Amino acid sequence: MTARRIFFSLTAALALSAATAGAALAQNVTLRSADIHPTDYPTVEAVRHMGKLLEERSQGRIKINVFHSAQLGQEKDTIDQTRFGVIDMNRINMAPFNNLIPATNIPSLPFIFRSVEHMRKVMDGPIGDNLLKEFEKHDLVGLAFYDSGSRSFYNSKRAIKSPADMKGLKIRVQQSDMFVALVSALGANATPMPFGEVYSALQTGVIDGAENNWPSYESTRHFEVSKYYSQTEHSLSPEALVMSKKSFARFNAADQALIKAAAKESVAKMRELWDAREKESEAKVKAGGAQINAVEKQPFVDAMKPVYDKFVTDPKLKEMVAAIQAVN
Ligand code: GTR
């Protein structure tokens, strides 16, 4: 079935059920969910797990089909399609939302979290819940946040040990002004680019490097063309799972609650898969010839002041930073 026909089948099924059942009890709805990662990646598996929960709890009425491997497009493009309701759900990193939704800059900020545990505690608590609500102002419903590990720099030229080693390198970043500022503050040249274009840009020398977590560095095989992986661990920018407000509004309140609960419950599954995958990916890239080095972080932390000065100006965002730092 083509993507368009699936979309119409959702609309038709809901219209029919509304007409027959009085209340809009969704019948045989398959939600289309976007992800740029391959079929075995933890984010894809976690949304499938959510779909399984939803199918069971709705007695088979509601399912999710995950269109993995960027079948529905690169992240930035799929944001608009999700806002318009052409795509029902989207698992996407926080960074491509940064320019649209200012509050999403905060969890992407360099060194904002002290550890993965700190990040999980913040995103699972009231700060995370408030951030999920921010998506509603932009035609989206925030469903959950997933882990994304820590992002580190990799490149084809040299090991990065101090900010001075970044000077002059052309580094790909996600399509986020905050990430452009982060890389510029280290004296490198930031090139925003969709994820799917990075391998060939590295291979042809259009860029010298990029930054990402172990699983993405491995699944994309970037380690083959960019072998120095330096553990700057500069951002823990989480993943967001969002739904189109238009698609969400087609369900009655009980089904909406089912969807939200299944999404939240998929977080634990994601973390289990993620922790295992990080270790596997690290081992794979090492076996594949990646040169890994540890980094003294403080000079990188110190270099990030201009990023905070530029992106944390609004009093609400300042409060959010303080609230995150106060979480123990
Ligand atoms: C990954 C993230 C993707 C995408 C990618 C990128 O870690 O899971 O959603 O944002 O990074 O760098 O574009």
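Computed from a prediction, not measured in an experiment: that's the story for all the values here.

Further remarks concern the packing of aromatic side chains. A complete count under the given rule lists seven aromatic pairs for this structure. An angle of 10 degrees between the planes, with centres 6.0 Å apart, marks the rings of tyrosine 154 and tyrosine 229 as stacked. Within this pair, whereas tyrosine 154 is found in strand β5 (residues 151–155), its partner tyrosine 229 is found in strand β9 (residues 228–235), the two being separated by 75 residues in sequence. Tyrosine 229 sits in the buried class, given a relative accessible area of 1%. Connected via pairs of aromatic rings, a cluster forms that spans Tyr154, Trp214, Tyr217, Phe223 and Tyr229.

Once that is clear, we can look at the pattern of salt bridges. Following the criterion strictly, the structure yields 23 salt bridges and no others. The closest approach of N and O atoms between lysine 284 and glutamate 218, which form a salt bridge, is 3.9 Å. Linking lysine 284 in helix α11 (residues 253–287) with glutamate 218 in helix α9 (residues 214–219), this pair joins segments that are 66 residues apart in sequence. When its relative accessible area of 46% is taken as the criterion, lysine 284 is described as partly exposed. Residue classification places glutamate 218 among the buried positions, given a relative accessible area of 6%. Lysine 297 is the partner of glutamate 233 in a salt bridge, and the nearest nitrogen-oxygen pair spans 2.7 Å. With a gap of 64 residues between them, glutamate 233 in strand β9 and lysine 297 in the loop between β11 (291–294) and α12 (298–302) connect regions that are remote in the sequence. Glutamate 233 sits in the partly exposed class, given a relative accessible area of 26%. For lysine 297, a relative accessible area of 30% puts it in the partly exposed group. Bridged by salt links that share partners, the residues Arg120, Asp124, Asp147, Arg271 and Asp275 form one connected network.

Conventions adopted
Residues numbered from 1 in each chain as written. Predicted model: local features only at pLDDT ≥ 70, side-chain atom pairs only at ≥ 80, totals over all residues. Heavy atoms only, no water. Phe/Tyr/Trp six-rings, centres within 6.5 Å; stacked < 30°, edge-to-face > 60°. Helix = DSSP H or I, 4+ residues; strand = E, 2+ residues; numbered from the N terminus. Buried < 20%, exposed > 50% of the residue type's maximum accessible area, 1.4 Å probe, protein only. Salt bridge = Lys/Arg side-chain N within 4 Å of Asp/Glu carboxyl O.

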